[in-house]
Amino acid sequence: NFTNNRFRIIWSNLDEIYAYGLRNPFRIDFDLETGDMYASETGEISIESVERITKGGNFDWNLKEGSYLFDRRTREVSDDFDFDENGRGDVAQAHDLIEPIIEYDRDEGRAVVGAVPFRGDSLPKLDGKIIFADFIGRLFHGDPITGEPYHALIDPQGGALPYNIHSVNQDSDGDVYLLGITRENDVLMA
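Residues numbered from 1 in each chain as written. Predicted model: local features only at pLDDT ≥ 70, side-chain atom pairs only at ≥ 80, totals over all residues. Heavy atoms only, no water.

Asker: Can you help me understand the sheet that holds strand β1 (residues 25-30) in this one?
Answerer: The pairing of strands in a sheet happens through backbone hydrogen bonds and is either parallel or antiparallel. Ordered in space as β1-β2-β3-β7, the four strands form an open sheet in which the pairing is antiparallel. The two strands at the open ends of the sheet, each matched to only one other strand, are β1 and β7 (102-105). The mean angle between the axes of side-by-side strands here comes to 15 degrees, regardless of whether they run parallel or antiparallel. Sheet analysis places strand β3 (residues 47-53) next to β7, joined by four bridges and oriented antiparallel. Bridge pairing in β7 links Glu48 to Tyr104. (Pairing = 2+ DSSP bridges. Helix = DSSP H or I, 4+ residues; strand = E, 2+ residues; numbered from the N terminus. Axes fitted to C-alpha atoms, helices over the stretch in contact; angles between N-to-C directions.)

If you want it as structure tokens, here you go:
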């Protein structure tokens, strides 16, 4: 429903809405084995994340950025405390919000640009891991099931590749491909 009262939009339960509360899902891809949908979610100020998208799921924007509380006035993030110590932030629990499966802050990158489950045959130990990348050329993997912390994929120290990454995709065999643009004179282009 749409009213002309200062262009206020009133949402009802529309069948067309699969999930809500996403700020900026930059890329969406599917796990070839399970059919699960994943989105790389570009944050507002501080947090980049990877979400497992579920039907009817609320992914918390703009109450939260990643798993952190987001203050719309100050544009800062703070911890979502777990006072009842059940392993889930109290605000997320109270509003039935879905937390990201992977997240990192802007100290480690600028913008997450893709996340795909690896299902190729070339690297068996990465089977089922989420391969994700940041625009500044950093490539990572993490476990979407166990919550294992993510690790740099190419350089153990987490160094950047020699190009800006614009997309992470997979082919029908589950192999992962990167789309990148080289940096001029090894200077990061904005």
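That was the structure; now back to the text.
Asker: What am I meant to see in the environment of Met37 here?
Answerer: By the element assignment, Met37 lies in strand β2 (residues 37-41). Placed 14 residues apart in sequence, Met37 and Glu51 show a C-alpha to C-alpha distance of 8.4 Å. Dropping the residues within four chain positions of it, Met37 is found in contact with Tyr18, Ile28, Asp29, Phe30, Glu51, Arg52 and Ile53. (Contact = heavy atoms within 4.5 Å.)

Asker: Which parts of the structure should I look at to understand the side chain of Glu41?
Answerer: Positionally, Glu41 belongs in strand β2. Arg23 provides the closest opposite charge to the buried, salt-bridge-free Glu41, at an N-O distance of 6.7 Å. Excluding anything up to four places from it in sequence, Glu41 contacts Gly21, Leu22, Arg23, Asn24, Pro25, Glu48, Ser49, Glu51 and Val112. (Buried < 20%, exposed > 50% of the residue type's maximum accessible area, 1.4 Å probe, protein only. Lys, Arg positive; Asp, Glu negative; His and termini not counted. Salt bridge = Lys/Arg side-chain N within 4 Å of Asp/Glu carboxyl O.)

Asker: What is the right way to read the pattern of salt bridges from this model?
Answerer: Pairing of side chains with opposite charge becomes possible as their charged atoms draw close. Taken as a whole and judged by the stated rule, the model has 12 salt bridges. Arg75 serves as the salt-bridge partner of Glu44, at 2.8 Å between the closest nitrogen and oxygen. Remark: Arg75 occurs in the loop between β5 (68-71) and β6 (76-78) and Glu44 occurs in the loop between β2 and β3; sequence separation between them is 31 residues. Note that Asp71 and Arg73 form a salt bridge whose closest N and O atoms lie 3.3 Å from each other. When its relative accessible area of 24% is taken as the criterion, Asp71 is described as partly exposed. Each of Asp31, Glu33, Arg119 and Asp127 takes part in salt bridges that share partners, so that together they form one network.

From the geometry alone we can't say anything about function, so treat these as descriptive.
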